[in-house]
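# Tertiary structure, described
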Protein chains: 2
Amino acid sequence: MVTPADDAVFRPVRTGNPFEETVERLLQAIKLGVVRPGDRLPAERDLATRLNVSRVTLREAIHALTEAGFVESRRGRYGGTFVNAQLPKPRRTPAKRIARELGDGLDDALILRDALETGAAEAAAVRALTSAEEDHLRKCLADTAAAKLTDYRRFDSRLHLAIAEVTGSASLTSATADVRMRLNELLDAIPLLERNIEHSNDQHAAIVDAILAGDPERARQAMKEHLSGTATLLRAFLV
Amino acid sequence: MVTPADDAVFRPVRTGNPFEETVERLLQAIKLGVVRPGDRLPAERDLATRLNVSRVTLREAIHALTEAGFVESRRGRYGGTFVNAQLPKPRRTPAKRIARELGDGLDDALILRDALETGAAEAAAVRALTSAEEDHLRKCLADTAAAKLTDYRRFDSRLHLAIAEVTGSASLTSATADVRMRLNELLDAIPLLERNIEHSNDQHAAIVDAILAGDPERARQAMKEHLSGTATLLRAFLV
DNA sequence: AGTCAATGGATCGTTGGTAGACCATTGGAG
DNA sequence: CTCCAATGGTCTACCAACGATCCATTGACT
């Protein structure tokens, strides 16, 4: 008998070449708001080491992002590679096309995200946070609430990532970042409404509040409701 | 400010070379019980394609596993690479040494597993399962309950993987398999008691029962309790 | 004004992995 | 008994990625 587990365990050991994956990773940093417009990326030598990629490959990736308008490099001491103040607008690929390409991938990603993010909210609430972590959460929440429409997705992602961070699990954080990237591509195909944002902000506040209060069950439930909102939105648009 | 998100997003794009990762993947298939003793692996050409590695690399990996006593290859039509009836005993690395090596990694993995597996249990219960899926779950449960002490970990893993499978999310299944591998290494350092197994079997039954009954909250709760058992066990032994 | 440390930019030899073709073996089908 | 399809086993040419080294630029500090 052939079970789906076969597919899980015999899936590709690597997707794409180092160059492509490096580009993806840098885009992740930018699009999830980990580095913000004006920020400097780590120096090439450092970054290459951290990404475990040769400097040549990293530079090729940076070059690609430069051409695409995401970053710019400056030479000399106090130089570096900087995220552009004006980021390129995401191409609004027709939702249907994306939906077709993703196919089962949509449910796949939504189910995984649900597990990761509700799990993260709960775990974050269980944990005793340092005051630095609490401040970080509050700051991300405030930034998101104050974000302009065009920046909203970035700050929103950053907040969700922050919640994963404060669980203290690096793996959980990475996984959350990855699945979020997959979903953001879809979300970019959907118009963002001011009304949705307000609702979203309220939910964010409720989630963070529950986490800071150390109430796992409430945090979990608040996150669950929040996620189900976007899930419904996505499913509705991508049919 | 440097946040942990930096580490998450600037983590290595690839860990190890294709050879090492291929070995890991094949070991995963064997140790998580996806392929069982006596089973034949897919033909080299097929498997290489699925893993997205060259046949040469795959063969090197298989060779390594042959030397380690996990598999054996036979030529000719109706030949292939077969999992040995007698698997090598896991080396009982002293718990302390493993704990030291893992360090934070233990909590990292436990938190991630919690999110993934409780999420999986819930998602599985929400979903309308096909009768084939239900049978698969029941079979894995029965196999585990009937497993000998030396095989227990494999069947246990297989059951947990089966629960992830029936969520329908391939990504969730892969992630579960990966984190399980990390934890199994630790579990191998801990003596397995008959008493623990009985308790474990009861909990497994409760989880599967809740899933088949379509009761997400109960499934989730049952899984949570089950996991907290092994988590406590691990934390206790690895101090 | 000069220095220099830190940064991006460029080049080259080495190597691990790949793709593809071909060989060797086996056992069921005709 | 012969054939042959499917499998593991081997070889070779090629290339992407790496590691290492050196160059070019910049601007804060002395």
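Residues numbered from 1 in each chain as written. Chains lettered and ligands numbered in written order. Predicted model: local features only at pLDDT ≥ 70, side-chain atom pairs only at ≥ 80, totals over all residues. Heavy atoms only, no water.

### Details of the UniProt feature "domain: HTH gntR-type" (unreviewed entry) in chain A
Cut-off, in case you're wondering: UniProt positions are given in the numbering used here, feature names are shortened, and annotations may be inferred rather than shown by experiment. Numbered from the N terminus, helices here are DSSP runs of H or I no shorter than four residues, and strands are runs of E no shorter than two.
Within this structure's numbering, the places UniProt gives as "domain: HTH gntR-type" (unreviewed entry) are residues 16-86 of chain A. This span, residues 16-86 of chain A, is 49% helix and 11% strand, and a straight line between its end C-alpha atoms measures 29 Å.

### Observations concerning the protein's contact with DNA strand D
So the rule is basically this: Nearness here has a simple test: a residue counts as near a molecule or strand if at least one of its heavy atoms is within 4 Å of that partner. N or O atoms within 3.5 Å of each other form a polar contact, as long as, within protein, one can give a hydrogen and the other can take it, and as long as residues adjacent in sequence are counted only when both atoms are side-chain atoms. Any residue that is not Ala, Val, Leu, Ile, Met, Phe, Trp, Tyr, Cys, Pro, Asp, Glu, Lys or Arg is counted as polar, Gly included; the first ten are nonpolar and the last four charged.
Neighbouring residues of DNA strand D: 26 residues in total, closest N17, T57 and R75 of chain A together with R55 and R59 of chain B. Residue R77 of chain A places a main-chain N or O atom 2.8 Å away from a base oxygen belonging to DNA strand D. Separating a phosphate oxygen of DNA strand D from a side-chain N or O atom of R59 of chain B is a distance of 2.8 Å. Those elements giving two or more residues to the surface near DNA strand D turn out to be α4 (55-67) of chain A together with α3 (44-51), α4 (55-67), β1 (71-74) and β2 (80-83) of chain B. Tallying contributions element by element places α4 of chain B first for the surface near DNA strand D, with three residues. Of the residues that constitute the surface near DNA strand D, the class distribution is six nonpolar, nine polar and eleven charged.

### Structural notes on the side chain of R153 of chain B
Filter applied, for reference: Per-residue accessibility, obtained with a 1.4 Å probe over protein chains only, is compared with the maximum for each type, and a residue is labelled buried under 20%, exposed over 50%, and partly exposed between these values.
Here R153 of chain B is to be found in helix α8 (residues 152-165). For R153 of chain B, a relative accessible area of 16% gives the class buried.

### Side note on the pairing of strand β2 (residues 80-83) of chain A
All names here are of chain A. Cut-off, in case you're wondering: Here, a strand pair is defined by DSSP locating no fewer than two bridges between the strands.
Direction of pairing for strand β1 (residues 71-74) relative to β2: antiparallel, over a ladder of four bridges. The residue bridging E72 from the neighbouring strand is F82, located in β2. The turn joining β1 and β2, which pair antiparallel and follow one another in sequence, is formed by five residues; a positive phi near 85° is taken by G76.

### Comments concerning the protein's contact with DNA strand C
In the region of DNA strand C, 27 residues are neighbours, and R55 and R59 of chain A together with S54, T57 and R75 of chain B sit closest. Sugar plus phosphate: this is where 68% of the atoms of DNA strand C within 4 Å of the protein reside. Taking R55 of chain A, its side chain carries an N or O atom lying 2.6 Å from a base nitrogen of DNA strand C. Separating a sugar or linking oxygen of DNA strand C from a side-chain N or O atom of R75 of chain A is a distance of 2.9 Å. Secondary structure elements with two or more residues in the surface near DNA strand C: α3 (44-51), α4, β1 and β2 of chain A together with α2 (18-31) and α4 of chain B. Of the residues assigned to the surface near DNA strand C, the class counts are seven nonpolar, eight polar and twelve charged.

### With respect to the nonpolar core
If you look at soluble globular proteins, the nonpolar side chains tend to sit buried side by side. We count it as follows: For this analysis, a nonpolar core means a set of buried residues of the types Ala, Val, Leu, Ile, Met, Phe, Trp, Tyr and Cys, connected via side-chain atoms within 4.5 Å. Two residues form a contact once any of their heavy atoms are found within 4.5 Å.
Of all hydrophobic cores here, the largest spans 76 residues; its most connected members are I211 and L234 of chain A together with I163, I211 and L234 of chain B. Sequence-distant contacts of I163 of chain B, defined by excluding residues within four places in its chain, comprise A120, A121, A124, L137, I207, I211 and M223 of chain B.

### Quick notes on the relation of the copies chain B and chain A
The cut-off we apply is this: All copies are superposed by least squares; the fitting set is the C-alpha atoms of residues with a pLDDT of at least 70 in both.
Expressed as a screw operation, the relation of chain B to chain A combines 0.0 Å of axial shift with a rotation of 180°, fitting to an RMSD of 0.0 Å. Taken together, these values place the two copies in the relation of a two-fold axis. Of all interface residues in chain B, 100% are interface residues in chain A too; the two copies therefore contact each other through one and the same surface.

### Digging into the domain arrangement of chain A
Residue and element names in this part refer to chain A. Cut-off, in case you're wondering: These domain boundaries are the output of an automatic or database domain assignment. Once two parts are put together, the accessible area they lose, assessed with a 1.4 Å probe and summed over both, is termed the buried area. By definition here, a salt bridge exists when the distance from a side-chain nitrogen of Lys or Arg to a carboxyl oxygen of Asp or Glu is within 4 Å.
The domains assigned to chain A are domain 1 (18-83) and domain 2 (95-237). With ten residues of domain 1 at the contact, the number on the domain 2 side is twelve residues. Counting each side, the surface lost to burial between domain 1 and domain 2 is near 890 Å², with a carbon and sulfur contribution of 60%. Among the residues of domain 1 in contact with domain 2, Q28, L32 and R36 are the three that bury the most area, contributing 56% of the side total. Our count for the contact surface shared by domain 1 and domain 2 stands at one salt bridge.

### Quick look at the interface of chain B and chain A
Every contact between the two is made by 54 residues of chain B and, on the other side, 54 residues of chain A. Here chain B and chain A share an interface that buries about 4,700 Å² over both sides, 57% of which is from carbon and sulfur atoms. Per-residue buried area on chain B facing chain A is highest for F10, V13 and R14 of chain B; these three make up 18% of the total on that side. The interface formed by chain B and chain A contains ten salt bridges. R11 of chain A is the partner of D178 of chain B in a salt bridge, and the nearest nitrogen-oxygen pair spans 3.2 Å. There are 31 residue pairs in polar contact (both at pLDDT 80 or more) connecting chain B and chain A. Those elements that place two or more of their residues in the side of chain B that touches chain A are α1 (4-9), α2, α3, α6 (105-126), α8, α9 (170-187) and α11 (216-237) of chain B.

### Quick word on the packing of aromatic side chains
As a reminder, the rule being used: What counts as a ring pair is set by centres within 6.5 Å for rings of Phe, Tyr and Trp (its six-membered ring), and what kind of pair is set by the plane angle: stacked under 30 degrees, edge-to-face over 60, tilted for all other angles. As a reminder, the over-ring test applies to NZ of lysine and CZ of arginine, requiring each to be within 6 Å of the ring centre and within 35 degrees of the ring normal.
Overall, the coordinates contain zero aromatic pairs over all chains when judged by the stated rule. Over the ring of F82 of chain A we find R74 of chain A; its NZ or CZ atom is 4.1 Å from the centre of that ring.

### Here's the deal with the pattern of salt bridges
Tallied over the full model, the rule gives 44 salt bridges over all chains. Residue R158 of chain A pairs with E165 of chain A through a salt bridge whose shortest N-O separation is 2.7 Å. The two residues R158 of chain A and E165 of chain A agree in class, both being buried. Here R235 of chain B and D107 of chain B are joined by a salt bridge, their closest N and O atoms 2.7 Å apart. Taken as a pair, R235 of chain B in helix α11 and D107 of chain B in helix α6 lie far apart in primary sequence, 128 residues in all. With relative accessibility at 39%, the residue D107 of chain B sits in the partly exposed group. Within the structure, one salt-bridge network assembled from shared partners comprises R36, K139 and D143 of chain A.

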